[in-house]
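Each chain is listed here by its residues.
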Amino acid sequence: MKTVTILVPAYNEEESLHHLYKRILDVITGLNEYEFELLFVNDGSQDQTMPIIKELREVDPRVSYVDLSRNFGKETAMIAGFDHAKGDALIILDADLQDPPELIPEMIHYWELGYDDVYAKRRSRKGESWLKKTTASVFYKILKKMSQVPIQENTGDFRLLDRRCVEAIKKLRETQRYTKGMFSWVGYNKKEILFDRDPRISGETKWNYGKLVDLAIEGVTSFTTAPLRISSLFGVGVSIFAFIFMIWIIIKTLAFGDPVAGYPSLMSVILFIGGIQLIVLGIIGEYLGRVFNETKRRPLYFVDEYNGQKASNIPYGLNHEYRSSNHFEKEVQKRYE
Ligand code: UDP
Ligand code: MG
């Protein structure tokens, strides 16, 4: 029998969890040809999220959980889930029920037809502001233009991944993660299905515009070095222009003399170029910062507890038995044996 893992990253989701569990249960009881694992990743919640998950595990052994040592953010919570998932396929589902679990049978249907990555694309975005919709759409357009990998628009993390996609993504151990880009980057057979995204069932979104801007910069800088290229090209353009301008001034001065003038234009040119230089420095800094963070080679997260077992401080939950063909992890594991 094939196992399907439903991965739910949860951060302060006490109000949604019972609804979520009920909705998932309704769906999976209809799918008795599969075994299910309901894997919660508690991302350092400060509310009752963890006790509720433990309660669920007591009544339903299909529930598993990874309790992270603090809040690491959804991107990291997801890789923690990938590392601990046992399924032949994995479905990522938001805890706030914005992703309807009712889509799971359809996803599994396409998985059985041989697709490795069945992703749900939003037909509509109920309960999201006009501003969020437009900024998201503009961001996707820019990202698509700049990076070589096609990134799906209006698609979140709600998708089914075959085991081999999961293993592929597990190999991408970068600290600053943009998982949505990784799904595209690893490739394999993709299938799109459409759905209407519901508003959050309760609570507030954990995203604010600051975080979204961060994620957007993450998205660009982790998948393309185009901004560096654009800066260079711009620099070349400005230099050529400045050179021609210089020659023109020399000729003008030789021919007509120099009736000292042009302080305002001089100032504006200096300020303009100065501004551009700062922006370009900022872009370089952005990439340099990424290099700095990656060279530290820190583990992505620490596990506090996995299914009731307290974890020692060995990274990636390696003191637990779980399915893994990740070479890197095995190497690390050897060091601890
Ligand atoms: N989440 C998480 N860690 C965080 C923030 C969010 O695990 O630091 C989880 C959250 O519990 C939810 C999912 O990620 O299951 C999506 O979060 P949210 O609904 O706030 O984002 P949005 O739907 O607005 O993109
Ligand atoms: Mg949400």
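As a starting point, this report considers the structure included with it. This one's a predicted model, so the numbers in the text were calculated from it and none came from an experiment.

What to know about the overall build of the protein
Here is step 1: Scanning the protein from N- to C-terminus turns up eleven helices and nine strands.
Here is step 2: Relative to its 337 residues, the protein shows a buried fraction of 45%.
Here is step 3: For the protein, the share of sequence-separated contacts (at least 6 apart) that also reach a separation of at least 24 residues comes to 81%.
Here is step 4: When the accessible surface of the protein is totalled, it reaches about 17,800 Å², and 61% of it is carbon and sulfur.

Overview of helix 2 (residues 49-59)
It helps to recall that an α-helix has 3.6 residues per turn; residues three or four apart then point in one direction.
Here is step 1: Buried within helix 2 are the following residues: Thr49, Met50, Ile52, Ile53 and Leu56. When helix 2 is viewed along its axis, its buried side chains cluster within an angular range of 160 degrees and face the same direction. The exposed residues of helix 2 that point more than 90 degrees off its buried face are Glu58 and Val59.

Section: the coordination of the magnesium ion (ligand 2)
Here is step 1: The protein atoms that coordinate the magnesium ion (ligand 2) are Asp96 (OD) and Gln98 (OE1), at distances spanning 1.9 Å. When sorted by exposure, Asp96 lands in the same class as Gln98, which is buried.

Looking at the pattern of salt bridges
Here is step 1: Applying the stated criterion to the full structure yields 13 salt bridges.
Here is step 2: Where Asp94 meets Lys74, a salt bridge forms, and the shortest distance between an N and an O atom there is 2.8 Å. One end of the pair, Asp94, is in the loop between strand 4 (89-92) and helix 4 (104-112); the other, Lys74, is in helix 3 (residues 74-84), and 20 residues separate them in sequence.
Here is step 3: Residue Asp94 is classed as buried on the basis of its relative accessible area, which comes to 13%.
Here is step 4: Relative accessible area serves as the criterion here: at 22%, Lys74 is assigned to the partly exposed category.
Here is step 5: Between Asp117 and Lys190 there is a salt bridge, and its shortest N-O distance comes to 2.8 Å. Here Lys190 lies in strand 7 (residues 190-197) and Asp117 lies in strand 5 (residues 117-125), a separation of 73 residues in the sequence.
Here is step 6: By relative accessible area, which is 0% here, Asp117 ends up buried.
Here is step 7: On the basis of relative accessibility, which here comes to 24%, the residue Lys190 falls in the partly exposed class.
Here is step 8: Several salt bridges share partner residues, and in doing so they unite Lys74, Asp94 and Asp157 into one network.

Some remarks on helix 1 (residues 17-29)
Here is step 1: With 13 residues, helix 1 should cover 18 Å at 1.5 Å per step; its first-to-last C-alpha distance of 18 Å lies within 8% of that length.
Here is step 2: Looking at helix 1, one finds that the buried residues are Leu17, Leu20, Tyr21, Ile24, Val27 and Ile28. End-on view of helix 1: buried residues confined to an arc of 130 degrees, all on one side of the axis. Seen from the buried face of helix 1, the exposed residues on the opposite side, beyond 90 degrees, are Lys22, Asp26 and Thr29.
Here is step 3: Buried residues in helix 1 make contact with strand 1 (2-10), strand 2 (34-42), helix 2, strand 3 (63-68) and helix 4.

What about the packing of aromatic side chains?
Here is step 1: On inspection of all chains with the given rule, the structure shows five aromatic pairs.
Here is step 2: Taking the centre distance of 6.1 Å and the plane angle of 70 degrees together, the rings of Tyr110 and Tyr115 count as edge-to-face.
Here is step 3: What makes Tyr110 buried here is its relative accessible area of 19%.
Here is step 4: Accessibility expressed as a relative area gives 27% for Tyr115, which makes it partly exposed.
Here is step 5: A connected cluster of aromatic rings, assembled from ring pairs, spans Phe241, Phe245 and Trp248.
Here is step 6: The aromatic ring of Trp111 is capped on one face by Lys2, whose charged end is 5.0 Å from the ring centroid.
Here is step 7: One cation-aromatic arrangement involves Arg70 over Phe72; the distance from NZ or CZ to the ring centre is 4.0 Å.

Digging into the packing of helix 9 (residues 226-256) against helix 10 (residues 263-295)
Here is step 1: Contact geometry of helix 9 with helix 10 gives a least axis separation of 10 Å together with a crossing angle of 155 degrees. By the angle class used here, helix 9 and helix 10 are roughly antiparallel. In the crossing of helix 9 with helix 10, the sense of the turn from one axis to the other is left-handed. Listed contacts from helix 10 to Ala226, Pro227, Leu228, Ser231, Phe234 and Val238 of helix 9 are Phe272, Ile273, Ile276, Val280, Ile283, Ile284 and Tyr287.

Let's talk about unusual backbone geometry
Trans is the prevailing form of peptide bonds, just as negative phi is the prevailing case for residues other than glycine.
Here is step 1: A positive phi angle, close to 70 degrees, is found at Tyr188, a residue other than glycine.
Here is step 2: Inspection of the secondary structure puts Tyr188 in the loop between helix 7 (179-186) and strand 7.
Here is step 3: Here Arg297, not a glycine, exhibits a phi torsion of approximately 50 degrees, which is positive.
Here is step 4: In this fold, Arg297 is placed in the loop between helix 10 and strand 8 (303-306).
Here is step 5: For Arg297, a relative accessible area of 63% gives the class exposed.

About the cut-offs
- Residues numbered from 1 in each chain as written.
- Chains lettered and ligands numbered in written order.
- Predicted model: local features only at pLDDT ≥ 70, side-chain atom pairs only at ≥ 80, totals over all residues.
- Heavy atoms only, no water.
- Helix = DSSP H or I, 4+ residues; strand = E, 2+ residues; numbered from the N terminus.
- Buried < 20%, exposed > 50% of the residue type's maximum accessible area, 1.4 Å probe, protein only.
- Contact = heavy atoms within 4.5 Å.
- Areas by Shrake-Rupley, 256 points an atom, 1.4 Å probe, with all protein chains shown as cover.
- Arc of directions from axis to C-beta.
- Donors = N, O, S within 2.8 Å, 3.2 Å for Na, K, Ca; no water.
- Salt bridge = Lys/Arg side-chain N within 4 Å of Asp/Glu carboxyl O.
- Expected span 1.5 Å × (residues − 1).
- Phe/Tyr/Trp six-rings, centres within 6.5 Å; stacked < 30°, edge-to-face > 60°.
- Lys NZ or Arg CZ within 6 Å of the ring centre and 35° of its normal.
- Axes fitted to C-alpha atoms, helices over the stretch in contact; angles between N-to-C directions.
- Parallel < 35°, antiparallel > 145°, perpendicular 65-115°, else oblique.
- Left-handed = near helix turned anticlockwise from the far one by under 90°.

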